[in-house]
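Report on the structure
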Amino acid sequence: GIFGTVAASSHLLNLSEKQTATALAIAVSLASGVKANFGTMTKPLHVGHSVRNGVQAVLLARQGFTANLEAFEEKQGFLNVFNGPKNFNIDQIFEKWADPLDIIDPGLGLKQFPCCGSTHSAINCMLNISGSNKIYVDQVKKISILTNPRRLPHTNNPDPQSPLEAKFSIQYAVARALVDGCVTLDHFEGDAFNDLQVRKIMNCITVGEHPDMGVETDNQFGAEVTIFFDNEKSVSSRIDHQVGRGPSNPMTTNELWEKFEDCSKRALFKESIEEIFDMLNRLEAISTITEFTRAMSPNIRRRKVG
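The residue numbers shown here count from 1 along each chain, following its written sequence. Note on the predicted model: pLDDT of at least 70 is required for a residue's local features to be given, and 80 or more for side-chain atom pairs to be given and counted; whole-chain, interface and lining totals, by contrast, use all residues. Heavy atoms throughout the structure, all of them, feed into the side-chain values; hydrogens and water do not.

Quick notes on unusual backbone geometry
Of note, the amide linkage connecting Asp99 to Pro100 takes the cis form, showing an omega dihedral of 0 degrees. Here the bond from Asp105 into Pro106 is cis, since omega is 15 degrees, no more than 30 degrees from zero. Within the element layout of this structure, Pro106 appears in helix α6 (residues 103-107). Phi is positive for Ala98, close to 60 degrees, though the residue is something other than glycine. Put simply, DSSP marks the helices as runs of H or I at least four residues long and the strands as runs of E at least two long, and each gets a number from the N terminus on.

And the structure:
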């Protein structure tokens, strides 16, 4: 994260090659964040932390701040500290460099739901089922969720005890998708995680490893959801691999709108949300970014949503 921020910011601010190298070297000493904090409020802090520190490194380098230009490869540099001696190959870092850039292929993956990405395939499986079948919740006997074993350590949480834990509960997220037909920010606030109907559905859910989605397979973010009914009938849906919603599987305009409205109504004014969404969908055609920022100005908007 931080090095991508440095690269982009250095380009935008027209830093020289040496200044950019210095900014990257400064960033080496500002790079931190461990996966042990996933599942806590500190996890999303990592993103803001890396962006803030990356910009700071660039601004320091532009002002003449110094750093060791070999901070990556030195004996006590980034590569040895974070990977361990002989556990990396510098040449491979540049193998097929930018051929293509990840932002082109596989492209930018948007997070459709406001919870752990490892639950998203299962959520969409449930939405696929409920969208094409008339599901009566009181007739559900059992729900089976099978996914890649790598998804389970941080999502197999059948009894979340806080909004944050609910974000990392595949049982809760899938139950919400069935009961409400959507998964929104409101579902991870207050005592929403204790909703009685959702809890009843969660008690019917079993979670396990999918036989076709092993650790070393291409189905790293796949899932299969099956609903069994009292009459012994069942319906299921399977998604083999879905890391966010990128160019190969983009969100529909309606799905984008639902996510945008759910997020923006907390900060923007009701009458401006549709206008801003329209602007974002035709950003290349806007003559000046001032048009966009003016639409968000509280000085000309009076009424918030809700």
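Looking at the packing of helix α1 (residues 2-12) against helix α2 (residues 17-28)
An axis is simply a line fitted to the C-alpha atoms; with a helix, the fit covers only the stretch in contact. Between two such axes, the angle follows the N-to-C directions and lies from 0 to 180 degrees. Close contact between α1 and α2 brings their axes to 10 Å; oriented N to C, the two are set at 155 degrees. When the axes of α1 and α2 are compared, the pair comes out roughly antiparallel. As α1 runs across α2, the sense of the crossing is right-handed. For the pair formed by α1 and α2, the contact residues are Ile2, Phe3, Val6 and Ser10 on the first element and Thr20, Ala23, Leu24, Ala27 and Val28 on the second. Only Asp, Glu, Lys and Arg are considered charged, only Ala, Val, Leu, Ile, Met, Phe, Trp, Tyr, Cys and Pro nonpolar, and every remaining residue, Gly among them, polar. For the contact of α1 with α2, the residue count by class is seven nonpolar, two polar and no charged. Should an angle fall under 35 degrees it is taken as roughly parallel, and over 145 as roughly antiparallel, whereas 65 to 115 is taken as roughly perpendicular and any remaining angle as oblique. Whether a crossing is left-handed or right-handed is set by the direction in which the near helix is turned from the far one by less than a right angle, anticlockwise for left-handed and clockwise for right-handed. Residues count as neighbours in contact if any of their non-hydrogen atoms are within 4.5 Å of one another.

Quick notes on the packing of aromatic side chains
Only Phe, Tyr and Trp rings are paired, with Trp represented by its six-membered ring, and only when their centres lie within 6.5 Å; those with planes under 30 degrees apart are stacked, over 60 edge-to-face, the remainder tilted. Per the counting criterion, the structure on display carries nine aromatic pairs. Each ring, one from Phe3 and one from Phe78, has its centre 5.2 Å from the other, and the planes form 90 degrees; the classification is edge-to-face. Of the two residues, Phe3 sits in helix α1 while Phe78 sits in helix α4 (residues 78-83), which places them 75 residues apart along the sequence. Each residue is placed in one exposure class: buried if its accessible area under a 1.4 Å probe, protein chains only, is under 20% of its type's maximum, exposed if it is over 50%, and partly exposed if it falls in between. Classification of Phe3 by relative accessible area gives partly exposed; the value is 21%. Here a set of aromatic residues connected by ring pairs shows up, and it is made of Phe3, Phe72, Phe78 and Phe82. Over a ring means this: the NZ of a Lys or the CZ of an Arg is within 6 Å of the ring centre and within 35 degrees of the ring normal. Across the ring face of Phe228, the terminal group of Lys142 is positioned such that the distance to the ring centre comes to 5.5 Å. If you follow Arg151 out to its NZ or CZ, it ends over the ring of Phe221, 3.8 Å from the centre.

Brief notes about the side chain of His187
Topologically, His187 is positioned in the loop between α9 (170-180) and α10 (196-202). Residue classification places His187 among the buried residues on the basis of a relative accessible area of 9%. Beyond its immediate chain neighbours, meaning those up to four positions away, His187 contacts Tyr172, Arg176, Asp180, Cys182 and Ala192.

Considerations on the sheet that holds strand β4 (residues 234-239)
Two strands pair if DSSP finds at least two bridges between them. Read from one edge to the other, the open sheet built from four strands follows the order β2-β1-β3-β4, with strand pairing classed as mixed. Strands with a single pairing partner mark the edges of an open sheet, and in this sheet they are β2 (205-209) and β4. Looking at each pair of strands side by side, their axes are set apart by 15 degrees on average, direction ignored.

Section: the nonpolar core
What we call a nonpolar core is a set of buried Ala, Val, Leu, Ile, Met, Phe, Trp, Tyr and Cys residues that are connected through their side-chain atoms within 4.5 Å. Ranked by size, the top nonpolar core spans 34 residues in total, and within it Ile143 and Ile227 carry the most contacts. Contributions of two or more residues to this core are made by α7 (120-132), β1 (140-147), α9, α10, β3 (223-229) and β4. Of the residues forming this core, the biggest block, seven residues, is contributed by α9. When sequence neighbours within four positions are dropped, the list of residues in contact with Ile227 reads Met126, Ile129, Ile135, Val140, Lys142, Ile143, Lys233, Ser234 and Val235. Residues Leu15, Ala57, Val58 and Phe78 belong to the second largest nonpolar core, which totals 15 residues.

What to know about a nonpolar patch on the surface
Only residues whose relative accessible area exceeds 30% and that take part in no salt bridge are eligible for patches, with like-charged residues grouped when within 9 Å of each other and nonpolar side chains (Val, Leu, Ile, Met, Phe, Trp, Tyr) grouped when within 5 Å. Under the convention used here, a 1.4 Å probe and the Shrake-Rupley method define accessible areas, while residue burial counts only the protein chains that appear. Within this document, salt bridges are pairs made up of a side-chain nitrogen of Lys or Arg and a carboxyl oxygen of Asp or Glu, the two lying within 4 Å of each other. Among the surface-exposed residues, Leu12, Leu13, Val47, Val51, Val55 and Leu59 lie close enough to one another that they form a single nonpolar patch of about 490 Å² accessible area. Element by element, the count of residues in the nonpolar patch is highest for helix α3 (residues 42-62), at four residues. Considering the arrangement of structural elements, one finds Val55 in helix α3. With relative accessibility at 33%, the residue Val55 sits in the partly exposed group.

Some remarks on α1
Regarding α1, the residues found buried are Ile2, Thr5, Val6, Ser9 and Ser10. Summarising the axial view, the buried residues of α1 lie within an arc of 125 degrees, below the 170-degree limit, and thus occupy one face. The exposed set on the far side of α1, more than 90 degrees from its buried face, consists of His11 and Leu12. Buried positions along α1 lie against α2 and α3. Positive backbone phi, approximately 55 degrees, marks Asn14, located one or two places after α1. The arc in question is the one traced by the directions running from the helix axis out to the C-beta atoms.

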